[in-house]
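# Breakdown of the fold
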Amino acid sequence: GQLGSMIQALAHRGPDDQGRYGDEAAGVLLGHTRLSIIDTSQAGHQPMVSRSGRYVLVFNGEIYNAPELAKTVQLAEGNWIGHSDTEVLLELIDQHGLANTLPRCNGMFALALWDTIERRLHLARDRVGIKPLYIGQQGGVLAFASELKAIRCLPEFPLNIDRSALHAYVNHGYVPGPASIVANVRKLPPGHLASISCSGSGGLDVHEEAWWSLEPNIRHDLDYQQAVQQTESLLLDSTRLRLNSDRPLGILLSGGIDSTLVAVMATQAGSNRP
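The following paragraphs examine the structure supplied in this document. This one's a predicted model, so the numbers in the text were calculated from it and none came from an experiment.

Ordered by their spatial adjacency, six strands build an open sheet running E3-E4-E5-E6-E10-E11, and the pairing between neighbours is antiparallel. Of all the strands in the sheet, just strand E3 (48-49) and strand E11 (204-210) have a single pairing partner and so form its edges. Here helix H3 (residues 85-96) sits on the sheet and contacts E3, strand E4 (55-63) and strand E5 (107-115); the angle it forms with E4, its principal contact strand, is near 130°.

Have a look at this one:
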């Protein structure tokens, strides 16, 4: 019932489909609401179970280089069930592990992965935190969701305002991560991976680490003209990748530099979509 309430609280994020998974022995419940973009058929339904049966995945986002990554997956039985990026991501994880798969993914995402063998739940967020992921922990209960309102459906997480977060909001106009406005609920930092398992005392062991950092990826060997050329190339490539969709696409023009630049890049990428 509580999982159903959480799913319903997020129905506006995914009006096309809903799904749930439960492992009662481990006390794990996963729910998902889907906005179908890539592979709108039931082949993209979530939570999705890997072919081996080991992993269960709920995934919010898009892996832009999924077609290229799919070519590296060795399928022991037949062809792909569908053509969703979720399926590609899941089978990559099954064959290479989550830690080795995340750096290969070009995309925006927040995900939860249940390992039925190690009895461990993994939560991960994309490099710069495009997709949101909130984690609430109170006693022996851990909840996660894309929005605070879903976690607040649980009696363990009433609307108790975090006063330090409120102070930061008044001063800065937003709540800096990893805090949230609600006590006992935080944001998983961008580029981070959290692993949760039951401790010997019946509590929860939570291990969190960065799987990506900006600093090692900063280029210091480019002059101004090289930087301009590389920025244009990256903008064009990133726009092209985002034009992949099984649904009609559109561009929201605000009149500013950002949206105008995206429109120009989309035209240069040769899109014939509306």
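For the rest of this paragraph, the subject is the environment of Leu-159. Tracing the backbone through its elements, the reader meets Leu-159 in the loop between helix H5 (148-151) and helix H6 (163-172). C-alpha separation for the pair Leu-159 and Gln-42, spaced 117 residues apart in sequence, amounts to 36 Å. Among all residues touching Leu-159, those that are not within four sequence positions of it are Arg-152 and Val-182.

Glancing now at the side chain of Asp-115. Mapped onto the elements, Asp-115 comes out in strand E5. Assessed through its relative accessible area of 2%, Asp-115 is described here as buried. Within the structure, the side chain of Asp-115 is placed 2.9 Å from the backbone nitrogen of Ile-117, a separation counted as a polar contact. Setting aside residues no more than four positions away along its own chain, Asp-115 makes contact with Arg-54, Tyr-55 and Arg-120.

Attention shifts here to the sheet that holds strand E7 (residues 134-138). Ordered by their spatial adjacency, three strands build an open sheet running E8-E7-E9, and the pairing between neighbours is antiparallel. Of all strands in the sheet, those with a lone pairing partner are strand E8 (141-145) and strand E9 (185-187), marking the two edges. The sheet shows a mean angle of 25° between the axes of neighbouring strands, taken without regard to direction. With five bridges joining them, E7 and E8 adopt antiparallel strand pairing. If you follow Gln-138 over to E8, its bridge partner there is Val-141.

Here we take up the environment of Leu-102. By the element assignment, Leu-102 lies in the loop between helix H4 (98-101) and E5. Overall, Leu-102 belongs to the buried group, its relative accessible area being 1%. Between the C-alpha atom of Leu-102 and that of Ala-124, which follows or precedes it by 22 residues, the distance is 8.7 Å. In this structure, Leu-102 is in contact with Phe-109, Leu-111, Ala-124, Arg-127 and Trp-211, ignoring residues within four places of it in sequence.

Attention now moves to the environment of Ile-7. Tracing the backbone shows Ile-7 in helix H1 (residues 2-9). For Ile-7, a relative accessible area of 3% translates into the label buried. As for Ile-7 and Arg-247, which are separated by 240 residues in sequence, their C-alpha atoms are 24 Å apart. Once you skip the residues sitting within four places of it in the chain, Ile-7 turns out to touch Gln-18, Gly-19, Arg-20, Gly-31, His-32 and Thr-33.

Now for the nonpolar core. Counting 23 residues, the largest nonpolar core has Phe-109, Leu-111 and Leu-113 as its most contacted members. Elements supplying a minimum of two residues to this core: E4, helix H2 (66-70), H3 and E5. When residues in this core are grouped by element, the largest group, five residues, is from H3. Other than its neighbours up to four places away in sequence, Leu-111 contacts Leu-57, Val-58, Phe-59, Leu-89, Leu-98, Leu-102, His-122, Leu-123, Ala-124 and Leu-133.

A cluster of nonpolar side chains, contributed by Leu-159, Ile-161, Leu-166, Tyr-169, Val-170 and Tyr-174, occupies part of the molecular surface with about 600 Å² of accessible area. Since its relative accessible area comes to 37%, Leu-166 is described here as partly exposed.

Between the first and last C-alpha of H3 there are 16 Å, a value that for 12 residues agrees with the 16 Å anticipated at 1.5 Å per step. Among the 12 residues in H3, nine count as buried, and that is most of the element. Summarising the contacts, the buried residues of H3 are in contact with E3, E4, H2, H4 and E5. Backbone geometry just downstream of H3 places Gly-97 in the positive-phi region, at approximately 90°.

Procedures and definitions
- Residues numbered from 1 in each chain as written.
- Predicted model: local features only at pLDDT ≥ 70, side-chain atom pairs only at ≥ 80, totals over all residues.
- Heavy atoms only, no water.
- Pairing = 2+ DSSP bridges.
- Helix = DSSP H or I, 4+ residues; strand = E, 2+ residues; numbered from the N terminus.
- Contact = heavy atoms within 4.5 Å.
- Axes fitted to C-alpha atoms, helices over the stretch in contact; angles between N-to-C directions.
- Buried < 20%, exposed > 50% of the residue type's maximum accessible area, 1.4 Å probe, protein only.
- Polar contact = N/O pair within 3.5 Å; in protein donor to acceptor, adjacent residues only side chain to side chain.
- Core = buried A, V, L, I, M, F, W, Y, C linked by side-chain atoms within 4.5 Å.
- Patch = residues over 30% accessible without salt bridge, like charges linked within 9 Å, V, L, I, M, F, W, Y side chains within 5 Å.
- Areas by Shrake-Rupley, 256 points an atom, 1.4 Å probe, with all protein chains shown as cover.
- Salt bridge = Lys/Arg side-chain N within 4 Å of Asp/Glu carboxyl O.
- Expected span 1.5 Å × (residues − 1).

Any functional reading would require information that these geometric values do not contain.
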